[in-house]
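Residue strings, one per chain:
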Amino acid sequence: MHLLLTRPDGRIGPLADKLAALGVRTTRAPMVTLVDNPDAGPSPLDTVDGAFFVSPTAVDCAHQRLQGKWPDIAYFAVGGGTAAALRRYGVEPICPPPGEETTEGVLALPDWQYLTGKRMAIVRGVGGREVMAATLRADGFDVQFWELYRRQRPEWPAQTVQSWRQNGVDVILATSGEILANLFAVTPLSDHDWLRNCLWLVPVERVAELAQQRGCQRIQVMGGAGDDAIVRCLGSMNHYGEDPEGSAGSPGPS
């Protein structure tokens, strides 16, 4: 197994170390660059009852803007990695159990009923899914976004991309639809068949469907995008280099 790690650069290192300890060979190839959003505006966290964080990056950016002063409100995290980031700053989050680390998993939590008010902030990068906001608004919540960073597609020389195939990359981690699209965009058309023949590790069925639309058939849904979900998925393989049970064309639960 040779795994291509496509997360943003600052989120690859710890995961690569964990996988190295498991004997998994990796190549680092960030498919998204994260930059500060100067138009984010002031923090809304002093005026809401709860906040939903979509990523560890959102947590880190908020900590800088808040200068370490976190208001006493309810904090929801999309998954284990985001929850761990909040705990590093002394904030205890509410998050879904392993295997359900998605926006839908957060919305299914019973903790929403305990909020004393219905004012929520969604802390994220510019753009993204609207499922959380739409669902909460339909339930009577006043929702506002705090968009702290922007995502950009990095440039990769064609010879570098081709070297991944030549060096035996056969598994690709794509933790978002944007990463999936960016990898196809930077890869020469002559190597698209290689991409389609790789085993894709994706967080949820929605991203699996996007991969299938591009002709990818070997897809494993991990049930989350955090380090723990990725390590659990790889650990479920009987032997490294072989597909996890049921991965070929049959995504697992999201």
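Predicted, not measured: the structure shown is a model, and the values here were computed from it. (Residues numbered from 1 in each chain as written. Predicted model: local features only at pLDDT ≥ 70, side-chain atom pairs only at ≥ 80, totals over all residues. Heavy atoms only, no water.)

## Considerations on the packing of aromatic side chains
Overall, the coordinates contain eight aromatic pairs when judged by the stated rule. Consider the rings of Phe-53 and Trp-70, whose centres lie 5.8 Å apart with planes at 50°: the pair is tilted. Highlighted residues: Phe-53 in strand S4 (residues 50-53) and Trp-70 in the loop between helix H2 (56-66) and strand S5 (74-77), separated in sequence by 17 residues. Residue Phe-53 is classed as buried on the basis of its relative accessible area of 0%. Their ring planes at 75° and their centres at 5.5 Å tell us that Trp-70 and Tyr-75 sit as a pair that is edge-to-face. The pair Trp-70 / Tyr-75 is uniform in exposure class, with both members buried. By the ring-pair criterion, three or more aromatic residues cluster together here, those being Phe-53, Trp-70, Tyr-75 and Tyr-89. In this structure, Arg-124 packs its charged tip against the face of Phe-145, placed 3.8 Å from the ring centre. (Phe/Tyr/Trp six-rings, centres within 6.5 Å; stacked < 30°, edge-to-face > 60°. Helix = DSSP H or I, 4+ residues; strand = E, 2+ residues; numbered from the N terminus. Buried < 20%, exposed > 50% of the residue type's maximum accessible area, 1.4 Å probe, protein only. Lys NZ or Arg CZ within 6 Å of the ring centre and 35° of its normal.)

## Examining helix H1 (residues 13-21)
Among the residues making up H1, those that are buried are Gly-13, Leu-15, Ala-16 and Leu-19. Seen from one end, H1 has its buried residues packed into an arc of 160°, which puts them on one side. In this structure, H1 carries Asp-17 and Ala-21 as exposed residues pointing more than 90 degrees from its buried face. On the buried face of H1, the contacting elements are strand S1 (2-5), strand S2 (25-28), strand S8 (171-173) and helix H10 (227-235). Phi turns positive one or two residues past the end of H1, at Gly-23, with a value near 85°. (Arc of directions from axis to C-beta. Contact = heavy atoms within 4.5 Å.)

## Some remarks on the UniProt feature "domain: Tetrapyrrole biosynthesis uroporphyrinogen III synthase" (unreviewed entry) in the chain
Following the UniProt record, the feature "domain: Tetrapyrrole biosynthesis uroporphyrinogen III synthase" (unreviewed entry) maps to residues 15-221 here. Segment residues 15-221 splits into 36% helix and 21% strand. End C-alpha atoms: 18 Å apart. (UniProt positions renumbered as here; feature names shortened; annotations may be inferred.)

## Some thoughts on the confidence of the model for the chain
Of all residues in the chain, 93% have pLDDT values of 70 or greater, and the mean over the chain is 89. Within the chain, the lowest mean pLDDT, 84, falls on H10, and the highest, 97, falls on S4. Within the model, pLDDT remains below 50 along residues 238-254, and this stretch shows 40 contacts once partners closer than five positions in the same chain are excluded. (pLDDT = per-residue confidence, 0-100.)

## Focus on the sheet that holds strand S10 (residues 219-221)
A sheet is described by the order of its strands in space; here five strands give the open sequence S2-S1-S8-S9-S10, paired in parallel fashion. Of all the strands in the sheet, the pair left with one neighbour each is S2 and S10. When the angles between neighbouring strand axes are averaged without regard to direction, this sheet yields 25°. Here strand S9 (residues 199-202) runs beside S10; their pairing, made up of three bridges, is parallel. Within the sheet, the bridge partner assigned to Leu-201 lies in S10 and is Gln-220. The strands touched by H1 within the sheet are S1, S2 and S8, with S2 carrying the most contacts at an inclination of about 165°. Sheet strands in contact with helix H9 (residues 205-213) are S9 and S10, and its direction is about 170° off that of S10. (Pairing = 2+ DSSP bridges. Axes fitted to C-alpha atoms, helices over the stretch in contact; angles between N-to-C directions.)

## Let's talk about the layout of surface pockets
Rolled over the atoms, a probe with the dimensions of a water molecule shows which regions are left empty. In this structure, the largest pocket encloses a volume near 1,400 Å³. Taken together, 50 residues form the lining of the largest pocket, with Val-54, Ser-55, Val-78, Thr-175 and Ala-225 sitting closest to its centre. Looking at the lining of the largest pocket element by element, the count peaks at five residues for helix H3 (residues 80-88). Each residue belonging to the lining of the largest pocket can be placed in one class, and the counts come to 18 nonpolar, 18 polar and 14 charged. Mapping the lining of the largest pocket onto the domain boundaries places at least three of its residues in each of domain 1 (2-32 + 154-240) and domain 2 (34-151). What the second largest pocket holds in volume is close to 160 Å³. Around the second largest pocket, the lining residues are Pro-8, Asp-9, Gly-10, Arg-11, Pro-30, Val-32, Thr-33, Leu-34, Thr-57, Asp-60 and Cys-61. Among the secondary structure elements, those contributing two or more residues to the lining of the second largest pocket are strand S3 (33-36) and H2. No other element matches H2, which puts three residues into the lining of the second largest pocket. By residue class, the composition of the lining of the second largest pocket is five nonpolar, three polar and three charged. (1 Å grid on protein atoms, 1.4 Å probe; cavity = no way out; pocket = protein on both sides within 12 Å on 5 of 7 lines; lining within 4 Å. Points joined across faces, edges and corners; volume = space filled by probe spheres on them. Nonpolar A, V, L, I, M, F, W, Y, C, P; charged D, E, K, R; others polar. Domains from an automatic or database assignment.)

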